[in-house]
Structure formats: structure tokens, C-alpha cells
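# Examining the three-dimensional arrangement
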Amino acid sequence: MIWEVFRQEKTGQYHTHCGNVHASDREMAKQFAAIQHGRRKPTNSLWVVPREEIGEIDSEDVAFGGTTDKSYRWATAYNTTGRDASEVVESEDEQATAERQRGDD
Amino acid sequence: MDLETAKERAGPREFSPADDLPEEYRKAATRMIEFHANSEIMGAYLERPFIRQAPSIDRKLAFSAKVQDEIGHGQLLYRAAESLGVKTREEMLDDLANGDGKFLNCFHYPMESWVETPMIAFFVDGAAMRRQATLRRTSWEPYAHAMDKVCFEEGFHVKHGEDILAELMSGSKKEQQLTQEAFEEWWPRIIQFFGPTDDKSTHHDFAASVGLKQQSNDQLRNAFLDQYIPKARKYGLEIPDEPRIRERDDGTYEVEEDDLDWDEFFTIAKNDYEPGLDQINGRKAAQEAVQWVRDTIEGDASAAGGHAPQAAD
């Protein structure tokens, strides 16, 4: 049985997928995950999830958002002037990064 | 975990659903996040009519994207609230419909004209974003994670709102005048967004002691005024004489609390403000109109065959 493993480095961060383990039950899966994925890299918590419990939908099945030009819904599309609040600047930077990663520009 | 331990451990993103948290914490966090979730939903309903009334196709696209975002924020926040185990999502939505759910003061006021839209989309969203940015460090991890996504999206709302304001204030004399009038009407409400001053705030101390709230009402109000008064002036808006706002020597602001209508504020806080009831009942009607969708999804076959309810707008 295959268990997908999600690792969280520090309290409060996201659990992100880091690999999988082969184990007969949940207890064994947790032990293997701890050994294989929590031993070297800094780890606060691990999740193990049976692979068959994971639903997947991919870009073959559906057209995901974020690939067509919807510039009107990005902060970067609005050329306002003057000093913006720091949280607005931060949001715009995050959006600019996401926009660059969109891959069609 | 007892309350003392929770207070000792309290830090950014410290607590997750895996922790056994004291009831006081879970209740306070539920109250705060439910209020936030309700506000996202009620704000979206307030702005929704302006998708139809938008003066151009660009504004229409942006406004519908924004309203869609706000509804999404509500969904994220109900999840963060329900993960505390105090109230279910259905209970929170029903409470909002029957008038028991509390939400932001600004969203109790009717909004009738396009010139009012930047009052919400620039000033209120700007105020909200200031607060939300600090909540990325709240102690309830699911709330902080919701804030990551909300803040990512919210920058567009604020800048779009600012763009509308810039356009109106460089438009005709009449547009400028109507925008100034809308600003004068909304300005005191926007100041009250941050709630009463620290010494009169009833929930702050506990929420701060367990790391739920990161900054006090006064700190947030100051930070907002510091950023948004210069912006308002830059676009040619005149700051109303009241409430009187004095800049202290250290650059922070002092608001003359007595110049604000606190009777109205607390009437609103109790959901007793007459014009606000239309907002609450309007959303209730929309919730009822799409009850058949929920029933169908939940698999209640009998609901699909009954009378055809009016589609939600």
C-alpha cells in the first residue's frame, strides 16, 4: 500500500508533498515517513495519506484558470501613483511573481 | 491545554486543529473569524449590484472578479472558523440569514451610486487589508493560512478601487463634487471600521493575550490614516472637518472620538440599524432562493420536485 507524505518544516507553515512510502498500515506508514522524510530535513510534522484516498484532476481533464489574460484582476494592471501601503505593495509583488510564473508572457 | 499554557505558547501560527485548546480560546477565535467571514459575504452582496451598473466593460470585468474573490474569502474563513469545533458552517450561514450573525459596520449602509464604490473598494478594503496583513501572524494557523490567500488577492481590490477614485476625481466637476459628497458621508464610518478606541474595546485584551489579534484598534487606525489621508488628498479629496483628527508630534493620529456617532455604531453592532436590515434580508432571500441547489447536492430528492424558486440574481 502506498502512502503519500506531506512534510511541514515549522509550526504554522503548510504541509507540502515530499514523496511517498510503501507500508502495510497507517502506523507503519507514519514510522517509515518519519525515517525517510523527517530524518534529515527540518521537520515539525508529517501527514500520511493513502494514495487511493487522493482525488486528482489535471490539465488534461479541465482548463484551469491562470493561463488566460485576465489582466483586469491583477494589481499590476492599475497604475496608481504615490506611496502605497506596505501590505498593498507586498500583495502586488506576490501577484507579479505569480504572473511571471504563468508562462504565457 | 489550559488557558495559561495557551497564553504562554501564543505566537504566530502556533495552534492548529491538532491542539487541544481551551474553550475560551476556541470561542473567541470563532467569534472573530465568523465576524470576518460574514463581513466578506456581506461586502460582496453590497458591491454585487455594481457589476451591472459598471460604467465600462473593464470595470464590469474587474468588479465581477472582485465580488467573486470576496465570496471566496468568505468560504475560506468559514472553513477556518469551523475547524475550531464551536460552530458549523451551516450554523454560521443561518445565523447570518436570521440576523444573529455580526459583521462589519460599513456593510450595513446602503450603497446607491457608482461614486460610492471607491469608498468601499479603496478605503474600506484598504483598511481591511491593513488589518488582514497583521492577521497573517495570528495564532490560529488555519486563519493565518486563509489570510495568505486573501492578502494575495486583496491588492488588486485596493488598487482597482484607487483607480476608480483617480478616474472620478479627474472627471467632470460634477463627478468630483459627487465623489467628495460620498467621501464626506462615508469617512466617519471608515474611521469607525477599526472599532472603538483601545480603552473602550471589550474583546481586545483576551484576543491579544492568546495571539489571535496582533495589533490594537488604535495601532491599526493610525497605520491606516497614515497611508490613506495622503492618498485621499492627492486625488483632491478634502478631509471632512469632523471627526477632528490631530496629528501628534510623533506622526501618529488622534481621532476625536466624541465627533463620531457611537450610538449608531452600537445599534449597527446589534444588527438593529434599520437600513442595514435590507442588506441582511436581501442575502437571506438569496440564500433561500438557492436552497434547492444545496438540497440537490446533499441528495435530498424530494426538494428537486417542489415549486420552482426564483433564481438568485
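In what follows, the structure referred to is the one given above.
Residues numbered from 1 in each chain as written. Chains lettered and ligands numbered in written order. Predicted model: local features only at pLDDT ≥ 70, side-chain atom pairs only at ≥ 80, totals over all residues. Heavy atoms only, no water.

### Topic: the environment of Met32(B)
Residues and elements named next belong to chain B. With respect to the helices, strands and loops of the structure, Met-32 is situated in helix 2 (residues 23-47). Classification of Met-32 by relative accessible area gives buried; the value is 8%. Along the primary structure Met-32 and Lys-102 are separated by 70 residues, whereas in three dimensions their C-alpha atoms are 9.7 Å apart. The contact partners of Met-32, leaving out residues within four places of it in the chain, are Arg-131, Leu-135, Tyr-143, Leu-212 and Lys-213. (Helix = DSSP H or I, 4+ residues; strand = E, 2+ residues; numbered from the N terminus. Buried < 20%, exposed > 50% of the residue type's maximum accessible area, 1.4 Å probe, protein only. Contact = heavy atoms within 4.5 Å.)

### What to know about unusual backbone geometry
Residues and elements named next belong to chain B. Cis geometry is found at the peptide bond from Glu-242 to Pro-243, where omega equals 0 degrees. A positive phi is found at Arg-13, a non-glycine position, where the angle reads about 55 degrees. Take Arg-13: it is sitting in the loop between helix 1 (3-9) and helix 2. Not every positive phi belongs to a glycine, and Asn-271 is a case in point at roughly 60 degrees.

### Re helix 8 (residues 173-192) of chain B
Residues and elements named next belong to chain B. For helix 8, which comprises 20 residues, the first-to-last C-alpha distance of 29 Å matches the rise-based estimate of 28 Å (1.5 Å per residue) to within 8%. Of all the bends found along helix 8, the most pronounced is centred on Trp-186 and spans about 40 degrees, while Pro-188, a proline, follows it within four residues. Packed against the buried residues of helix 8 are helix 6 (117-134), helix 7 (141-169), helix 10 (217-234), strand 1 (245-247), strand 2 (253-255) and helix 11 (262-269). (Expected span 1.5 Å × (residues − 1). Bend = angle between axes of the 7 residues up to and from the residue.)

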